[in-house]
Amino acid sequence: MSMLFDASHIDAESRASETDHVSLRLWLRLLTCTTMIERHVRERLRERFDITLARFDLMAQLARAPKGLRMSELSRRLMVTGGNVTGLTDQLVAEGLVVRRELPDDRRVYTVCLTGKGRRQFNAMAAEHERWIVDMLADVPAPDRDALYRLLGVLKAGVSRTTTRGGSPADA
């Protein structure tokens, strides 16, 4: 078997050529970086804590909301269906990491909160997660990281404006 690889299967960016519009190449580079970082984080979470990224993300949302969140709010924040949130929540409840609480004024609605055990476990995972991200970005000099952060904010604002208008600047 040959040890040569088709570059188009390595990452999204490798599918672009110099003849493609720079905006397309930029988008593919962003996608590739995101995918690489996410893959590494997924692997580390699984190896180190035996947890999925989806469960970590749900716990992260709850860590930011000490009073808990409604299932519908969790679904909105995680950008997944209610069924996905229910499945993740069921798993975390079974492990004693989160608890569901009925709302006194509407017993059909639940809030989900981290338990003490869940908060301790999440804090340990979050500290390592931060170190992994810092390590992955360590080769980028601090001024460049700051500039990239600022420029990505400009990109985010532009994309938000374009998508809320329902078109693109070229369509205007």
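Residues numbered from 1 in each chain as written. Predicted model: local features only at pLDDT ≥ 70, side-chain atom pairs only at ≥ 80, totals over all residues. Heavy atoms only, no water.

Moving on, we come to the side chain of T115. Along the chain, T115 turns up in the loop between β3 (106-114) and α5 (116-136). If we skip the residues at most four places from it in the chain, T115 touches G96, L97, V98 and V99. (Helix = DSSP H or I, 4+ residues; strand = E, 2+ residues; numbered from the N terminus. Contact = heavy atoms within 4.5 Å.)

The relative placement of two packed helices comes down to the angle between their axes together with the axis-to-axis distance. The interhelical angle for the contact between helix α2 (residues 53-63) and helix α3 (residues 71-78), taken along N-to-C directions, is 115°, at an axis separation of 10 Å. Once α2 is placed against α3, the crossing between them reads as right-handed. Contacts between α2 and α3 involve D57, L58, Q61 and L62 from the first element and L74, R77 and L78 from the second. (Axes fitted to C-alpha atoms, helices over the stretch in contact; angles between N-to-C directions. Left-handed = near helix turned anticlockwise from the far one by under 90°.)

Next up on the list: the pattern of salt bridges. As enumerated under the stated definition, the model contains 7 salt bridges in all. Linked by salt bridges that have partners in common, E73, R76 and R77 make up one network. (Salt bridge = Lys/Arg side-chain N within 4 Å of Asp/Glu carboxyl O.)

It is worth spelling out the nonpolar core at this point. Within the largest apolar cluster, 25 residues are counted, with the highest numbers of intra-cluster contacts made by L45, L58, M59, L62, L74 and M125. Of all the secondary structure elements, the ones that give two or more residues to this core are α1 (22-49), α2, α3, α4 (82-94), β3 and α5. If you tally residues by element for this core, the top one is α2, at 6 residues. Sequence-distant contacts of L58, that is, excluding residues within four places in its chain, are made with L74, L78, V85, L88, T89 and L92. (Core = buried A, V, L, I, M, F, W, Y, C linked by side-chain atoms within 4.5 Å. Buried < 20%, exposed > 50% of the residue type's maximum accessible area, 1.4 Å probe, protein only.)

Spatial ordering of the open sheet is given by β1-β3-β2, a layout of 3 strands whose pairing is antiparallel. Single-partner strands in this sheet number two, and they are β1 (69-70) and β2 (98-103). Relative to β3, β1 runs antiparallel, the two being bridged by 2 bridges. Bridging from a neighbouring strand, R70 pairs with T111 of β3. (Pairing = 2+ DSSP bridges.)

Moving on, we come to the pairing of β2. Relative to β3, β2 is paired through 6 bridges, and the arrangement is antiparallel. If you follow V98 over to β3, its bridge partner there is L114. Connecting β2 to the next strand, β3, in antiparallel fashion are 2 residues.

Here the focus is the confidence of the model for the protein chain. Looking at the protein chain, the pLDDT average stands at 88 and 90% of residues meet or exceed 70. Below a pLDDT of 50 lies the segment residues 1-8, which in the model reaches 3 contacts outside its immediate sequence neighbourhood of four places, other chains included. (pLDDT = per-residue confidence, 0-100.)

Further remarks concern the packing of aromatic side chains. Using the criterion set out here, one finds 2 aromatic pairs in the structure. Relative to W132, the ring of F49 has its centre 6.5 Å away and its plane inclined at 50°; by these criteria the two rings are tilted. In this pair, F49 is assigned in helix α1 and W132 in helix α5, connecting sequence segments 83 residues apart. Of the two residues, F49 and W132, neither departs from the other in class, the shared state being buried. (Phe/Tyr/Trp six-rings, centres within 6.5 Å; stacked < 30°, edge-to-face > 60°.)

So, on to the environment of I37. One can find I37 in helix α1. Among the residues examined, I37 registers a relative accessible area of 30% and is labelled partly exposed. Spatially, the C-alpha atoms of I37 and W132 are 9.2 Å apart, while their sequence positions differ by 95 residues. Discounting chain neighbours no more than four positions away, the residues touching I37 are I133 and M136.

What follows concerns the side chain of T32. Relative to the assigned elements, T32 resides in helix α1. We classify T32 as buried; its relative accessible area is 4%. Ignoring anything within four residues of it in the chain, the contact list for T32 reads D11, A12 and E13.

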